[in-house]
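Below are the chains, spelled out letter by letter.
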Amino acid sequence: MTSPNLPKLVLCELGETNVPGLESYSPFCLKVHRGLKYLGLSYERRHGIPSSFKKYHATGQVPVLLIGDTEAVGDSTDILKRLQTLAGRTFHGTDDAKLAAEGVLWEEFADNALAGFFMAARWADERNWPRLRDVIFGNMPGVLKSVIGAQVRNRIVKGLVARDIWRAGPEVCWRRFQETLDALEARAPEEGFWLGTFSTADISLFALLHGLRNELTPWQRDLIAARPRLSRYLDRVDAATGGTGSAGASRSSAA
């Protein structure tokens, strides 16, 4: 239950999805949603394109968390840290520095290694691109949708090449993705959470993997589903963070 003394929280993010159980198409916004819900913090949602929130945070990226009238926090990692301060407790429920450090390392793995595969699946994979284009740019006239969509896609794919995610092409990228999933399957706990107790590791791993478990990325979705231990683990995190009923409450508004 949120303390009545807490300031108003507003999560600035992309628009809502049409996928049940997926609050945002952005894995980093999804990560913040589930952090808020796990800690039982009530919040409002403000939707818009990323540049519309640049007045709050210089990067012009989402998510951005507005705290009262005086504070704006960008970057999902920084937001999760701030949420724990606001809630007066850590995700793992202790002051164990070693456990917190392990959570940070797994968060970095998710936000960098898994995020690369996530972006490649959405933007570079030819099998998925038409579906993503229609979702992201669907409100644009046909010609604009094709032109602007292609421009944005080319910029993102160039970034994936520069990061060595797509440099060797799709065959190598997806081989590495499957090897990573195999490693996660072997590491996934049969019961409970990634580090034994719930932590930032769970929210971070969940956000990047669960974000692929839908019709936008069916091939990647099926690869994850073929790993039963990993899938059961993701389902447990989903349930613990409000996937089957939120502990925190949210309301939506436009930017």
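Scroll up for the structure.
Attention in this report is confined to the structure presented alongside it. Throughout this description, residue numbers start from 1 for each chain and increase along the sequence as written. Local features in this predicted model are restricted to residues of pLDDT 70 or higher, and side-chain atom pairs are both shown and tallied only at a pLDDT of 80 or more, whereas totals for entire chains, interfaces and linings draw on every residue. Where side-chain values are given, they derive from all heavy atoms of the structure, hydrogens and water being excluded.

## Let's talk about the overall build of the protein
Quick note on the threshold: Note on conventions: DSSP H or I runs of at least 4 residues are helices, E runs of at least 2 residues are strands, and numbering of each starts at the N terminus. When we talk radius of gyration, it's over C-alpha atoms, and the globule rule is simply 2.2 Å times the number of residues to the 0.38. Only protein chains enter the area calculation, which uses a 1.4 Å probe; residues under 20% of their type maximum are buried, those over 50% are exposed, and those in between are partly exposed. Between two residues, a contact is recorded if the distance between any of their heavy atoms is within 4.5 Å. Here the Shrake-Rupley method, with its probe set to 1.4 Å, supplies the accessible areas, and only the displayed protein chains count as covering residues. By the counting rule applied here, Lys and Arg register as positive and Asp and Glu as negative, while His and the ends of each chain are not counted. Just so you know, the charge point we use is NZ for Lys, CZ for Arg, CG for Asp and CD for Glu.
Within the protein, the regular secondary structure consists of 9 helices and 5 strands. Each helix and strand of the protein, ordered N terminal to C terminal, gives the series β-α-β-β-β-α-α-α-α-α-α-α-α-β. At 18 Å, the protein has a C-alpha radius of gyration in line with the 18 Å of a compact globule built from 255 residues. Here the C-alpha coordinates of the protein stretch approximately 50 × 45 × 30 Å along the principal axes. Considering the protein as a whole, with its 255 residues, one finds that 48% of them fall into the buried category. When contacts within the protein are restricted to residue pairs at least 6 apart in sequence, those whose partners lie at least 24 apart make up 70%. Per element, the accessible surface of the protein, about 12100 Å² overall, is 54% carbon and sulfur. Side chains of the protein give 32 positive and 29 negative charges; the mean places of these two sets differ by 5 Å.

## Comments concerning the state of the cysteines
Here is the rule we go by: Note that a disulfide, as used here, is simply two cysteine sulfur atoms within 2.5 Å.
For the structure shown, the criterion picks out 0 disulfides. Of all cysteine sulfurs, the one in Cys29 lies closest to Cys12, which takes part in no disulfide; the gap is 9.4 Å. We classify Cys12 as buried; its relative accessible area is 0%.

## Details of the pairing of strand 2 (residues 43-47)
Short version of the rule: One bridge is not enough; two strands pair if DSSP finds at least two bridges between them. Every crossover in which the path from the first strand over the helix to the second runs clockwise, viewed with the strands pointing away from the viewer, is termed right-handed.
Burial runs high along strand 2: 5 of the 5 residues are buried. The two faces of strand 2 match: Tyr43, Arg45 and His47 on one face and Glu44 and Arg46 on the other face are all buried. In the sheet, strand 1 (residues 9-13) pairs with strand 2 via 4 bridges, with the strands oriented parallel. Each residue of the ladder has a partner; that of Val10, found in strand 2, is Glu44. Chirality of the crossover, the property in question, places the unit of strand 1, helix 1 (residues 27-38) and strand 2 among those that are right-handed.

## Let's talk about the packing of aromatic side chains
In plain terms, the rule: A pair of Phe, Tyr and Trp rings is counted when the ring centres sit within 6.5 Å of each other, with Trp represented by its six-membered ring. The angle between the planes then sorts it: under 30 degrees is stacked, over 60 is edge-to-face, the rest tilted.
In total, this model carries 14 aromatic pairs according to the counting rule given. Seen from their ring centres, Trp123 and Trp129 are 5.5 Å apart, and the 35° between their planes marks the pair as tilted. On the basis of relative accessible area, Trp129 is assigned to the buried category, the value being 7%. Taking 5.2 Å as the distance between ring centres and 85° as the angle between the ring planes, the aromatic pair formed by Phe193 and Phe198 counts as edge-to-face. Here Phe198 falls in the buried class, since its relative accessible area comes to 2%.

## Considerations on the layout of surface pockets
Defined as follows: Cavity: a set of points on a 1 Å grid over the protein atoms alone where a 1.4 Å probe fits but cannot get out. Pocket: an open set with protein on both sides within 12 Å along at least five of seven lines, its lining residues, like those of a cavity, having an atom within 4 Å of a point. Grid points are joined across faces, edges and corners, and a volume is the space filled by probe spheres set on the points. In this count, Pro and Cys sit with the nonpolar residues alongside Ala, Val, Leu, Ile, Met, Phe, Trp and Tyr, while Asp, Glu, Lys and Arg are called charged and the others, Gly among them, polar.
Taken as a whole, the largest pocket holds about 1500 Å³ of empty space. Lining the largest pocket we find 39 residues, and of these Leu14, Ser26, Pro50, Val62 and Trp123 sit closest to its centre. Contributing elements (two or more residues each) for the lining of the largest pocket: helix 1, helix 3 (97-124), helix 4 (129-136) and helix 5 (142-162). Its residues placed into classes, the lining of the largest pocket shows 22 nonpolar, 12 polar and 5 charged.

## Notes on the pairing of strand 4 (residues 71-74)
By the bridge criterion, 4 bridges tie strand 3 (residues 64-67) to strand 4 in an arrangement that is antiparallel. Note on strand 4: the bridge partner recorded for Leu66 is Ala72. Between the antiparallel neighbours strand 3 and strand 4 lie 3 residues, among them Gly68 with a positive phi of about 65°.

## A closer look at the pattern of salt bridges
Where charged atoms of side chains with opposite charge meet at close range, the side chains can pair. Definition in use: Counted as salt bridges are all cases of a side-chain nitrogen of Lys or Arg within 4 Å of a carboxyl oxygen of Asp or Glu.
All chains considered together, the criterion is met by 21 salt bridges. We note a salt bridge from Arg127 to Asp125, for which the minimum N-O separation is 2.7 Å. Using a relative accessible area of 40% as the deciding quantity, one classes Arg127 as partly exposed. Note that Arg227 is salt-bridged to Asp182, the shortest N-O span being 2.7 Å. Taken together, the positions of Arg227 in the loop between helix 8 (218-225) and helix 9 (228-240) and Asp182 in helix 6 (residues 170-187) put the pair 45 residues apart, joining distant regions of the chain. In this structure Arg227 comes out as buried when scored by relative accessible area, which is 9%. Classification of Asp182 by relative accessible area gives partly exposed; the value is 42%. Among the ionic contacts, a cluster of salt bridges with common partners joins Glu23, Arg34, Lys37 and Asp238.

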